[in-house]
Amino acid sequence: MPSPQPSADPQPTRSPLTREAVLEAAASLVQQHGPQALTMRRLAAELGTAVTAIYWHVGNRESLLEALVERTVRELGEIRAYGRTPQARMVSIARTLRRELLARPHLIAMVHERGLTERMFLSAQRALVREAHAAGLRGARAAEAVRAVQFSVVGHVLVERNRERAPVQSPGEPELWQSDQETDDPALVRALATPPDAGKVFASTIRALVDGLLQVPDSPAQLEL
């Protein structure tokens, strides 16, 4: 009597498709290749499912894009402060905001195109307001501090993104400074001849900005400065 054949290994059970899984895969496609690469067929292939299943969970492509925008706005609303002082917490908000903006440029662009940029920044603004109040700033001074930090973060992100996309510079900053004959500061020349560390530049900028902004004026005259 022939011996029984060993049974084949059972196939792993695939987790049921969820709306969140669809959005996560769609966001990944957009981040890697841009919104133009997001098609329902390609997304279904990424998820190993039928196109009809995608429609069932998120509707058509436009509905999917709207859901991604809402998801991005929601994620930017989850920024939390950390640190022992208002200054440290405000810096932490700025650093997290920069990191989140740099991590999802295509999704941020989609938010901006739909006129939701200010709504996206509202949660970060509120977090900054809390720290400005904790530092003793009120009214217009507090509002100025909030916007100065926000604008500084956004401006820095735009500069970083522009440097990434810019054509190769020839000569570049390192070559220009290595050949400089007019500056009597060799250490400065060596530093400027080294490619910049964007993270360190941002950290120095935002700390100096926050330290200056959170100085509570001692007199009415200072309030006018």
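Rules used throughout
Residues numbered from 1 in each chain as written. Predicted model: local features only at pLDDT ≥ 70, side-chain atom pairs only at ≥ 80, totals over all residues. Heavy atoms only, no water. Helix = DSSP H or I, 4+ residues; strand = E, 2+ residues; numbered from the N terminus. Buried < 20%, exposed > 50% of the residue type's maximum accessible area, 1.4 Å probe, protein only. Contact = heavy atoms within 4.5 Å. Areas by Shrake-Rupley, 256 points an atom, 1.4 Å probe, with all protein chains shown as cover. Axes fitted to C-alpha atoms, helices over the stretch in contact; angles between N-to-C directions. Parallel < 35°, antiparallel > 145°, perpendicular 65-115°, else oblique. Left-handed = near helix turned anticlockwise from the far one by under 90°. Core = buried A, V, L, I, M, F, W, Y, C linked by side-chain atoms within 4.5 Å. Expected span 1.5 Å × (residues − 1). Polar contact = N/O pair within 3.5 Å; in protein donor to acceptor, adjacent residues only side chain to side chain. Arc of directions from axis to C-beta. Salt bridge = Lys/Arg side-chain N within 4 Å of Asp/Glu carboxyl O.

Quick look at the overall build of the protein chain now. Counting its secondary structure elements, the protein chain contains twelve helices and zero strands. For the protein chain, the N- to C-terminal ordering of α and β elements is α-α-α-α-α-α-α-α-α-α-α-α. Here the protein chain holds 225 residues, and 34% of them are scored as buried. Within the protein chain, counting contacts between residues at least 6 apart in sequence, those at least 24 apart form 70% of the total. Working note: accessible area of the protein chain is about 14,500 Å², and carbon and sulfur atoms make up 54% of it.

Next up on the list: the packing of helix α1 (residues 19-33) against helix α2 (residues 40-47). At a minimum axis separation of 10 Å, α1 and α2 run at an interaxial angle of 115°. Considered as vectors, α1 and α2 are oriented roughly perpendicular to each other. Like other packed secondary-structure pairs, α1 and α2 cross with a definite hand, here right-handed. Between α1, through A21, V22, A25, A26, L29 and H33, and α2, the contact on the second element is made entirely by R42, L43, E46 and L47.

Relative to the assigned elements, S152 resides in helix α8 (residues 139-165). A relative accessible area of 19% means that S152 is categorised as buried.

This part is about the nonpolar core. In terms of nonpolar packing, the biggest core is built from 51 residues, with L38, L43, L64, L68, L101, V149 and V153 touching the most fellow members. The residues touching L64, leaving out its near neighbours within four places in the chain, are L23, A26, L38, M40, L43 and V58.

This part takes up the packing of α1 against helix α6 (residues 105-113). One way to put it is that α1 packs onto α6 with a least axis distance of 7 Å and a crossing angle of 100°. In terms of their interaxial angle, α1 and α6 are classed as roughly perpendicular. Here α1 contributes A27, V30 and Q31 to the contact with α6, which in turn contributes P105, H106, L107 and M110.

A separate point is helix α11 (residues 198-213). The first and last C-alpha atoms of α11 sit 22 Å apart over 16 residues, in line with the 22 Å expected at 1.5 Å per residue. Those residues of α11 that are buried are in contact with α5 (86-103) and α8. Measuring from the side-chain oxygen of the N-cap residue of α11 to the backbone nitrogen of G199 gives 3.0 Å; that N-cap residue is D197.

Along an α-helix, residues three or four positions apart point the same way, because every turn accommodates 3.6 residues. All of the buried residues along helix α3 (residues 51-58) are A53, I54 and V58. The buried residues of α3 all sit within an arc of 105° when viewed along its axis, so they share a single face. Facing away from the buried side of α3 by over 90 degrees, the exposed positions are T52 and W56. Of the surrounding elements, those touching the buried residues of α3 are α1, α2 and α4 (61-76).

The next point concerns the pattern of salt bridges. In total, this model carries eleven salt bridges according to the counting rule given. Here E20 ties to R71 by a salt bridge, and the two come within 3.1 Å at their closest N and O atoms. Taken together, the residues span a long stretch of sequence, with E20 in helix α1 and R71 in helix α4 at a distance of 51 residues. The class for E20 is partly exposed, based on a relative accessible area of 41%. With a shortest N-O distance of 2.3 Å, E24 and R71 are connected by a salt bridge. You can see E24 sitting in helix α1 and its partner R71 sitting in helix α4, a full 47 residues away along the chain. The network of salt bridges with common partners includes E20, E24, R71, E75, E100 and R104.

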